[in-house]
Structure formats: structure tokens, C-alpha cells
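Listed below, chain by chain, are the residues.
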Amino acid sequence: TTTEPKEIVLSLEQIEEHLKRIDPDKAKQWKQFLQQRKEPKVVEKQADDPTPSKRPKEDEPQQQELTTSLESLEEQRAQLNSERIRKWRKGFEEAAATDDSDQHRLKTKEFATNAFPVQNLRKCQYIMIDFGSNIGDSLHKMIDSSFPEFDAGLTGNDKGEKLHPVLNTTSGNVGDYSAYDFGDRRNPNKWILPKWVKGSIVGYNEWRSKKNKNVNHNVDHDDVYPEDYCFYGIEGNPHFTPMLQKEEIQIMNMVPRPVRHVHFLTEHVGAGKDGPTTLYLDTVNPKDNFWGSSVYNTHVDVVKSKNTGIPVMGITLTRLLNETALPGGHVMIKIDIEGGEYPLLEEAIESNIFCTLVKEKGIKIDMLNERHNAKIVGSEEPGQHWKEIQGDQKIKKCGVGYGWTSQHA
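Rules and cut-offs
Residues numbered from 1 in each chain as written. Predicted model: local features only at pLDDT ≥ 70, side-chain atom pairs only at ≥ 80, totals over all residues. Heavy atoms only, no water. Helix = DSSP H or I, 4+ residues; strand = E, 2+ residues; numbered from the N terminus. Buried < 20%, exposed > 50% of the residue type's maximum accessible area, 1.4 Å probe, protein only. Contact = heavy atoms within 4.5 Å. Areas by Shrake-Rupley, 256 points an atom, 1.4 Å probe, with all protein chains shown as cover. Axes fitted to C-alpha atoms, helices over the stretch in contact; angles between N-to-C directions. Parallel < 35°, antiparallel > 145°, perpendicular 65-115°, else oblique. Left-handed = near helix turned anticlockwise from the far one by under 90°. Nonpolar A, V, L, I, M, F, W, Y, C, P; charged D, E, K, R; others polar. pLDDT = per-residue confidence, 0-100. Pairing = 2+ DSSP bridges. Core = buried A, V, L, I, M, F, W, Y, C linked by side-chain atoms within 4.5 Å. Phe/Tyr/Trp six-rings, centres within 6.5 Å; stacked < 30°, edge-to-face > 60°. Salt bridge = Lys/Arg side-chain N within 4 Å of Asp/Glu carboxyl O.

### So, the overall build of the chain
When helices and strands are tallied, the chain shows 14 helices and 14 strands. Each of the 409 residues in the chain was classed as buried or not, and the buried ones make up 43%. If you take every contact in the chain between residues at least 6 apart in sequence, the share linking residues at least 24 apart comes to 74%. On the chain, roughly 22,700 Å² of surface is accessible, and the fraction owed to carbon and sulfur atoms is 48%.

### Remarks on the packing of helix α10 (residues 341-351) against helix α13 (residues 381-388)
Contact geometry for α10 and α13: axes closest at 10 Å, N-to-C directions at 25°. Judged on the interaxial angle alone, α13 and α10 are roughly parallel. Pair α10 / α13 crosses with left-handed handedness. Where α10 approaches α13, its residues Y342, L345, E346 and I349 are matched on the opposing element by P382, G383, H385 and W386. Here the residues of the contact of α10 with α13 are counted per class, giving five nonpolar, two polar and one charged.

### So, the confidence of the model for the chain
Across the chain, pLDDT averages 80, with 73% of residues at or above 70. Low pLDDT, under 50, characterises residues 36-59; the predicted model gives this stretch 21 contacts beyond four residues in sequence or across chains.

### Digging into the environment of Q245
Tracing the chain through its elements places Q245 in helix α7 (residues 241-252). Q245 gets classed as partly exposed once you look at its relative accessible area, which sits at 41%. In sequence terms Q245 and T266 are 21 residues apart; their C-alpha atoms lie 8.1 Å from each other.

### Concerning the sheet that holds strand β13 (residues 364-370)
Strands sit in the order β8-β7-β2-β12-β13-β14 across an open sheet of six strands; the sheet is parallel. The strands lining the two open edges of the sheet, one partner per strand, are β8 (261-266) and β14 (401-405). In this sheet, adjacent strand axes meet at a mean angle of 15° when their direction is disregarded. When strand β7 (residues 230-235) meets β8, the two strands line up parallel, connected through six bridges. Its bridge partner lying in β8, I234 is registered against L265. Packed on one face of the sheet, α7 meets β7 and β8 and runs near 170° to β8.

### Quick notes on the nonpolar core
Note that soluble globular proteins tend to have their nonpolar side chains buried in a common cluster. Counting 38 residues, the largest nonpolar core has F131 and F354 as the members making the most contacts within it. Of all the elements in the fold, those that place two or more residues in this core are β2 (124-131), β7, α9 (317-324), β12 (325-335), α10, α11 (353-360) and β13. Apart from the residues lying within four places of it in its own chain, the contact partners of F354 are L317, L321, I333, L345, A348, I365, M367, I395, C398 and V400.

### Section: the packing of aromatic side chains
How two aromatic rings sit relative to each other is set out by the distance from centre to centre and by the angle between their planes. Per the counting criterion, the structure on display carries eight aromatic pairs. Measuring from centroid to centroid gives 5.7 Å for Y126 and Y204, while their planes differ by 65°, and the two rings are edge-to-face. Highlighted residues: Y126 in strand β2 and Y204 in helix α6 (residues 192-211), separated in sequence by 78 residues. Look at Y204 and you get buried, because its relative accessible area is 0%. A centroid spacing of 5.5 Å and a plane angle of 45° characterise the contact between Y126 and Y229, whose relative ring orientation is tilted. Of this pair, Y126 sits in strand β2 while Y229 sits in the loop between α6 and β7, and the two are 103 residues apart along the sequence. When sorted by exposure, Y126 lands in the same class as Y229, which is buried. Taken together through their ring pairs, the aromatic side chains of W88, F92, F111 and F116 make up a single cluster.

### Some details on the pattern of salt bridges
According to the stated counting rule, one finds six salt bridges in the structure shown. A salt bridge links D130 to K334; the nearest nitrogen and oxygen atoms lie 2.9 Å apart. Of the two residues, D130 sits in strand β2 while K334 sits in strand β12, which places them 204 residues apart along the sequence. Each member of the pair D130 and K334 is classed as buried. For R371, the salt bridge goes to D392, with nearest N and O atoms at 2.6 Å. In this pair, R371 is assigned in the loop between β13 and α12 (374-377) and D392 in helix α14 (residues 391-397), connecting sequence segments 21 residues apart. We classify D392 as buried; its relative accessible area is 15%.

### Some thoughts on unusual backbone geometry
Put simply, V255 and P256 share a cis peptide bond, and its omega is -5°. Summarising the element assignment, P256 is placed in the loop between α7 and β8. Backbone geometry places N134, a non-glycine residue, at a positive phi of 55°. If you trace the backbone, N134 turns up in the loop between β2 and α5 (137-144). The buried category is assigned to N134, whose relative accessible area is 14%. One non-glycine residue, E338, adopts positive backbone phi at about 50°. Topologically, E338 is positioned in the loop between β12 and α10.

### Description of the sheet that holds strand β9 (residues 268-270)
Read across the open sheet, the three strands follow the order β9-β11-β10; overall the sheet is mixed. Two strands in the sheet have a free side with no partner beyond their single neighbour: β9 and β10 (275-281). The sheet shows a mean angle of 55° between the axes of neighbouring strands, taken without regard to direction. Pairing geometry for β9 and strand β11 (residues 308-315), over three bridges, is parallel. By the bridge assignment for β11, G270 is matched with I315.

The following block contains the structure:
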């Protein structure tokens, strides 16, 4: 029997009262993240009060202040956008009005070229890069990592287990899901990545307070959280392109937004060099979202799929980091690309990008790599070569917080 997805949306007051009894600090943290959803309190009309019942002035909801602030910021951005386009249009009109044919051609081309560039990759102080995005669950897990857990007893479940609230990006609700499109993310075995993200961000906050107190960061509070991060996902399988593009649009249109910026590089794979390459598809594991696609045609699932190869674009870690990372910031890198981790990381070692960013630009890098053995990749050569070049040791020597797992994160 298939269990229908069930959503239990809890009010702020329910969660806050429960957390106050077991952990006051977590209660404050929960309130901080969900204060925009706080239900307005209403006081009863007093006998000697001729005015209608209303909320006390001192208890105006913070949601109103947040909405006003966001609307003001959006208006400023809209005005700046309009000013830039008007300035461009004026210059284009002047160029088009030039009598000299050579000058007309040169000037109009100058204004026409790259007039409205698309900036999907932005420089950010805080970044998460996800190689092997699949259905986009790593983005969700990063967002979910910021929500405090609570006892199942709050929902009438007496098992005593801990529940991890998750965000539904379609409805905008945060709650406990017993079943969900992205799988049961309450399952402890599927909570590896959220725990790692949370620990990495906490570690960065502690590191910055001790080592890097004068960093110029772009947030108005001391600590950073997932909403301060830009997320870049890389996924080669075109089967997931529509889903990831839809997810990107949904999250980028949220107000407030749970991350600073999101972009999925669809039909791209992490590679040892930039440019066209081949991805061999897994077509035999639909229940696991075709997780065995690989740049190696020897991969066990690729062989079962009769070596179906498609053209995609390869992108290196060096290029991504150079185009997105800012000095003094934090970069989290998650890699799960079915053997492709070996050429991807070897290229980064050869370019010396890790040592450059950590030692010269003061960037803290944390990496979680799902390593695939010879049985999965279908060849001993990649893993053996990695040992020969002492890849793990070289990455750690640069000061990268490097860890690997054999479990799906």
C-alpha cells in the first residue's frame, strides 16, 4: 500500500512552547527563523475600552516590518534597474543617430553586444557547490539544516524520536513530512548532508570569530546561516533539467528567500577539464532517480544500461571557484558523481586552487566527497591513481576541511 504524502504544519506557538520546556536556546533559534509566520495575538476588548478589540501597538507583528523592508529594497532595485536601462538606451540612441557609417557601425555594436547579460554565476561570500545534484535534494537539505529538531511527541507520536522540519518549496510551509517527493528526510540515514552542512556553517562562524574578525561580510548579523549562501548545483542528466529549472525559479521567487541565490548548471558535469564531454546514463534505476550516471562507461549501472552516452559540458572545480568565491568567505563542496570525483579533484590539485583560496585569500573550504570504489566504477585505475598521487593528503595539506563517505548523503 502506498502512503500518501502527509503534511503536518505546526504553528510557531506550538513549537516555541514545546522547545521552551526542553531547550530554551533552540526555542529562540526557531523563533528567529520562523518569526515571519508568527500568528498575530488578539486581546479581548476591555469593558472600559470603547475601541474595537485589536492587537496592542507594542505587539505589532514582525512580519509587517519584514514585508515593508523587503518591499523597500525591491523598489530600490527596480529603480536602479530602470536607471541602468535608460542610460543604456540613451547611449544606444545617440550611437544610432551618428551620421558617419563607420562610427555608426562601431558604436551601435558596442551598445548591442552583451546589452542584457545573464548572470547565473555570481561572486558570493558564502557558497555551496553541489556536484551531482540529481533531483535537487542537496539544496533542500542545506535549507532544512537550519531548522531545529523537536520531539515527535509534539505531533502526537509517542515514539520519542526526533523530527526534522523541512521546507516545502511549492507551498512555502515548514513542517514534518512523513512522505515527500524527495524521500523521507527525517530518516537518520538520509540526514548525513544536513548534519554536515550545519556543522560546517557552525564551524565557519567559530573560525571567523577567532581568526578572521575583520572580514567584510554582507549580512547584518554576526553569524551566517543557509539564507546567506549562494547555491550552485551541477547535474548532467537531462532527465532532471525541467525539474531543476522549475525548482530554481520557485526558490528565486520566494519572499523572503531561504538562500541568497540559486542556479543549477543543467547538462553539466564536474570534470577534469572545461568543455564538451560525454556522460553515460543510468537507465535502469528509476526508483533511485538514475543515480548511477557517470563519466566512466565502465560504471556498473552504465554497463547495465548498455553504455548510453550523451554530450554534456564539463566544468572544473577551478573554474567554478574562480568565478564565484570571494576572499574571507566560506565554501562548502559536496561531490557525488559516481567516480567523476577522481579527475575533478586531481585537476583542482594540479591548479593549486585549494591552497590559493585558503592560504592567500583567507577562504575556509569544507568538502564532503562520496567516494566510489572499483566495484562501482568498474575499474581499479581511478582509485589506484588517486592513491599514487596522494590526493587526500594534498587536499588536506592546503587546509581544506576534507571528509569522505561511502554512504549516499
